[in-house]
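Coordinate inspection notes
The lines below spell out each chain.
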Protein chains: 2
Amino acid sequence: MSAQSSTDGDAAEAILARVRARGGAATIYDIAELAGVNPSTVSRALGKPGRISAGTAAKVRAAAERLDFRVNPMARALQTGKTRMLGLVLADITNPVVFGIVRGAEHAAAAAGYTLVIAESQESGENEAEAVERLLPSVDGLVLATTRLSASAITDLAQRKPVVLINRAVDGVDGVLPDVGAGVVELVEHLASSGHRAIAYLAGPDTSWINARRWSDILAAAEERRIAIVEIGPNHPTIAGGRDALRRVRAAHVSAVIAYNDLMAIGLMQEAAARGITVPDQLSVAGFDDIFGSELIVPPLTTVAADLVAAGGRAVRAAGRGRRLPAERGTSGTAAHDVARAWVDRPRPRRMTSAPGVSQAGTAP
Amino acid sequence: MSAQSSTDGDAAEAILARVRARGGAATIYDIAELAGVNPSTVSRALGKPGRISAGTAAKVRAAAERLDFRVNPMARALQTGKTRMLGLVLADITNPVVFGIVRGAEHAAAAAGYTLVIAESQESGENEAEAVERLLPSVDGLVLATTRLSASAITDLAQRKPVVLINRAVDGVDGVLPDVGAGVVELVEHLASSGHRAIAYLAGPDTSWINARRWSDILAAAEERRIAIVEIGPNHPTIAGGRDALRRVRAAHVSAVIAYNDLMAIGLMQEAAARGITVPDQLSVAGFDDIFGSELIVPPLTTVAADLVAAGGRAVRAAGRGRRLPAERGTSGTAAHDVARAWVDRPRPRRMTSAPGVSQAGTAP
DNA sequence: TTGTATGCGTTATCAC
DNA sequence: GTGATAACGCATACAA
């Protein structure tokens, strides 16, 4: 045993003490010193297994372990340009619809070694633009859930960093679109077979792409079955928004309502109950999203479900592997970029008792 | 007009083109070139207003604007040691209890110019430790909500970075403890005056600090009023956990149950309904947290509320301004650190119809 | 007030 | 296979 090896423990202690004294964490320089190699060798040993001899690799790993080393993500990011962070921008964190998205996104991010940073826009396009600008320099990619940004703003954004949309389709930008078309058809079918001849769609925000999509799906399904269909709105996509809409619903003389989302459906049901209107006997109510709580209220809410956890996960994985679209090389003119085909997620709608694709539909009076 | 100024636009264009060509963002070097000053002057002009002449400051700002400059957070962090990021670690994102915390935390973070990164531990201490280690190098501080970490692990952590706990008290570590003591007293009082003589507490996880606290509050309040009180558990803090507990609740021959949280209360009510036991006529059920949905279910759930949004906000602000406890300077021995006094948040419990401090308490049979 | 020089911790590009 | 050195973008002592 050489004098060298007999002092190894002390050497480690000395370095450790120095590290603590400067109040920070151990660096690859500390490891290099302890292992008796060059810092660049440490970086390689830790980063690219295989391109280094087994012996030194082991020495380096041991030293790193001994000093409780963890790489500094900022220093790495500065050099590589990759932060290993993904941004998730949501309209409203308290909206139960996004819970699934957040969970799916967080899991997928952690699994892929990414850190998830989130921001909320409060349903305001201005706030959202601000949040996006704030996040953008720190992340490798961005997931925008039910964004209120304009298509052109999104296109511009996608030129800078990989962007993945949830519940929104923009040409040339990746998107995850939970497909509720089949669920809508089955819901309308179910309402029709239950005797409903006049239905209202309680619209959400008119800036919402998914709102437009739901309306057009419902419109088509109703037309096909020769059922009367009217659109009422736009409304706030909240319980209060649903409450406020009851009067117009009653005035429309329909026997069933499909709301833009479960929150509005719940609000409508609450207000109906307050006015002595029984659901579903006097009014059938259905929503979208299958939020937490829809199975708890009485009567159980009819809702068309989409797998938001999967959507969040897919979006994050796409954002992580994504590269921004190549920018125009020319000196002037409009940028000509590849048009990536938006891909569509097709989860099976949740099947429950009464109607396939929808859960527990109410019956007609 | 000099040739210089007549070519300003072209100069900017040229620099912009170069920036685009290298596929990144503009740096202070680009600004310095365009404004005709030194990079360090740019840094100062943008960072410390006042310590620079008004003229050059304006020039620099104009150039920065022109080049659409945003500082690189990684480069800044590498130099300053501050990332302007805060970590929020949650046991379970899908648990409605944490929604308020997340929202409050996100708002406070954005308002203070911090970026919030979140991680989920899935109720597992191991996962949580892993998530913490993953986040730690990237953040200036950490907020741990209903953590499953041991007190010693938390103390160690607090030595490295500022740590703020929510729903957990550890000596020497800052914490936000929504005070539900008053609400508990009023709830028990209400149950007593409604005729209940025997109550059960449906316990949560035995590793939960807040669970122990709730139990001791309830125990004291019941003792004082000479009401029989029993603890049943531990149970999973979920709807399923509540469901599974019904049998033991019935076996205990109590007329009222206070569950560890609303989810368990809901599960208990669901199972009771399934077994033909009417709530609140045959069994009164109360919970904690006032989660989303508790006002939607029928009958309305009795619940003791705490202002979690405020708690999340306070925790983030504390973490942002916090400094880690000074480490021991000596060469050996136990570190002697300041013991920061944990401070307690005292929100007013939500007041609703029946009982002060609790919302819509059920009545005794 | 502004310019010069240096360092933050890592990866990448050369040599050897 | 390993070492030396530059570079990432910014902030900051120190000089001028």
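Structure's up top.
Summary of the structure given here.

Cut-offs used in this document
- Residues numbered from 1 in each chain as written.
- Chains lettered and ligands numbered in written order.
- Predicted model: local features only at pLDDT ≥ 70, side-chain atom pairs only at ≥ 80, totals over all residues.
- Heavy atoms only, no water.
- Axes fitted to C-alpha atoms, helices over the stretch in contact; angles between N-to-C directions.
- Helix = DSSP H or I, 4+ residues; strand = E, 2+ residues; numbered from the N terminus.
- Parallel < 35°, antiparallel > 145°, perpendicular 65-115°, else oblique.
- Contact = heavy atoms within 4.5 Å.
- Nonpolar A, V, L, I, M, F, W, Y, C, P; charged D, E, K, R; others polar.
- Near = heavy atom within 4 Å.
- Polar contact = N/O pair within 3.5 Å; in protein donor to acceptor, adjacent residues only side chain to side chain.
- Buried < 20%, exposed > 50% of the residue type's maximum accessible area, 1.4 Å probe, protein only.
- Pairing = 2+ DSSP bridges.
- Buried area = accessible area lost by both parts, 1.4 Å probe.
- Salt bridge = Lys/Arg side-chain N within 4 Å of Asp/Glu carboxyl O.
- Phe/Tyr/Trp six-rings, centres within 6.5 Å; stacked < 30°, edge-to-face > 60°.
- Lys NZ or Arg CZ within 6 Å of the ring centre and 35° of its normal.

**Here's the deal with the packing of helix α4 (residues 39-47) of chain A against helix α5 (residues 54-66) of chain A**
All names here are of chain A. At a closest axis distance of 9 Å, the pairing of α4 and α5 adopts a crossing angle of 90°. One finds that α4 runs roughly perpendicular with respect to α5. Counting all contacts with α4, which are made through Val42, Ala45 and Leu46, the residues of α5 involved are Ala57, Val60 and Arg61. In the contact of α4 with α5, the residues fall into five nonpolar, no polar and one charged.

**A look at the side chain of Asp217 of chain A**
Its location among the elements puts Asp217 of chain A in helix α11 (residues 209-224). In contact with Asp217 of chain A, other than residues within four places in its own chain, are Gly181 and Val184 of chain A.

**Points about the protein's contact with DNA strand D**
The local shell around DNA strand D holds 24 residues, among which Thr41 and Arg44 of chain A together with Ile28, Lys48 and Arg76 of chain B are the closest. Sugar and phosphate atoms form 59% of the subset of DNA strand D atoms that lie within 4 Å of the protein. One nitrogen or oxygen atom from the side chain of Gln79 of chain A is found 3.2 Å from a base nitrogen belonging to DNA strand D. Residue Ala75 of chain B places a main-chain N or O atom 3.3 Å away from a base nitrogen belonging to DNA strand D. In terms of residues, the surface near DNA strand D owes the most to one element, helix α6 (residues 73-80) of chain B, which gives four residues. Among the residues making up the surface near DNA strand D, the classes are represented as eight nonpolar, twelve polar and four charged.

**Here we look at the pairing of strand β2 (residues 115-120) of chain B**
Counting buried positions along β2 of chain B yields six of six residues, so the element is predominantly enclosed. Neither face of β2 of chain B is exposed, since Thr115, Val117 and Ala119 of chain B on one face and Leu116, Ile118 and Glu120 of chain B on the opposite face are all buried. Pairing geometry for strand β2 (residues 115-120) of chain A and β2 of chain B, over three bridges, is antiparallel. Residue pairing across strands places Val117 of chain A opposite Val117 of chain B, the latter belonging to β2 of chain B.

**Concerning the interface of chain A and chain B**
In this assembly, 49 residues from chain A lie in contact with 49 residues from chain B. Summing the contributions of chain A and of chain B, the shared interface buries around 4000 Å²; its carbon and sulfur component is 63%. Where chain A touches chain B, the interface holds seven salt bridges. Its salt-bridge partner being Arg134 of chain A, residue Glu106 of chain B comes within 4.0 Å of it at the nearest N-O pair. Applying the counting rule to chain A against chain B returns 16 residue pairs in polar contact (both at pLDDT 80 or more). Residue composition of the side of chain A that touches chain B, by class: 28 nonpolar, nine polar and twelve charged.

**With respect to the protein's contact with DNA strand C**
Lining the immediate surroundings of DNA strand C are 24 residues, of which Tyr29 and Ser43 of chain A together with Asn38, Thr41 and Gln79 of chain B lie closest. Each atom of DNA strand C within 4 Å of the protein belongs either to a base or to sugar and phosphate, the latter forming 63%. Thr56 of chain B places a polar side-chain atom, nitrogen or oxygen, 2.7 Å from a phosphate oxygen of DNA strand C. In this structure, a base nitrogen belonging to DNA strand C sits 2.4 Å away from a side-chain N or O atom of Gln79 of chain B. At the level of secondary structure, the elements contributing two or more residues to the surface near DNA strand C comprise α3 (28-35), α4 and α6 (73-80) of chain A together with α4 (39-47) and α6 of chain B. The dominant element in the surface near DNA strand C, judged by the number of residues it contributes, is α6 of chain A, at four residues. Residue composition of the surface near DNA strand C, grouped by class: eight nonpolar, twelve polar and four charged.

**As for the packing of aromatic side chains**
Scanning the entire structure with this criterion turns up three aromatic pairs over all chains. Arranged with centres 3.3 Å apart and planes meeting at 20°, the rings of Phe99 of chain A and Phe99 of chain B form a pair that is stacked. Here Phe99 of chain A, found in helix α7 (residues 97-111), pairs with Phe99 of chain B, found in helix α7 (residues 97-111), and the two come from separate chains. A single burial state applies to Phe99 of chain A and to Phe99 of chain B, both of which are buried. Ring geometry for Tyr201 of chain A against Trp215 of chain A: centres 5.8 Å apart, planes inclined by 20°, an arrangement best described as stacked. Separated by 14 residues along the polypeptide, Tyr201 of chain A in strand β6 (residues 198-202) and Trp215 of chain A in helix α11 bring together distant segments of the chain. Accessibility classification places Tyr201 of chain A together with Trp215 of chain A in one group, the buried group. Between the NZ or CZ atom of Arg84 of chain A and the centre of the ring of Tyr114 of chain A, over which it lies, the distance is 4.1 Å.

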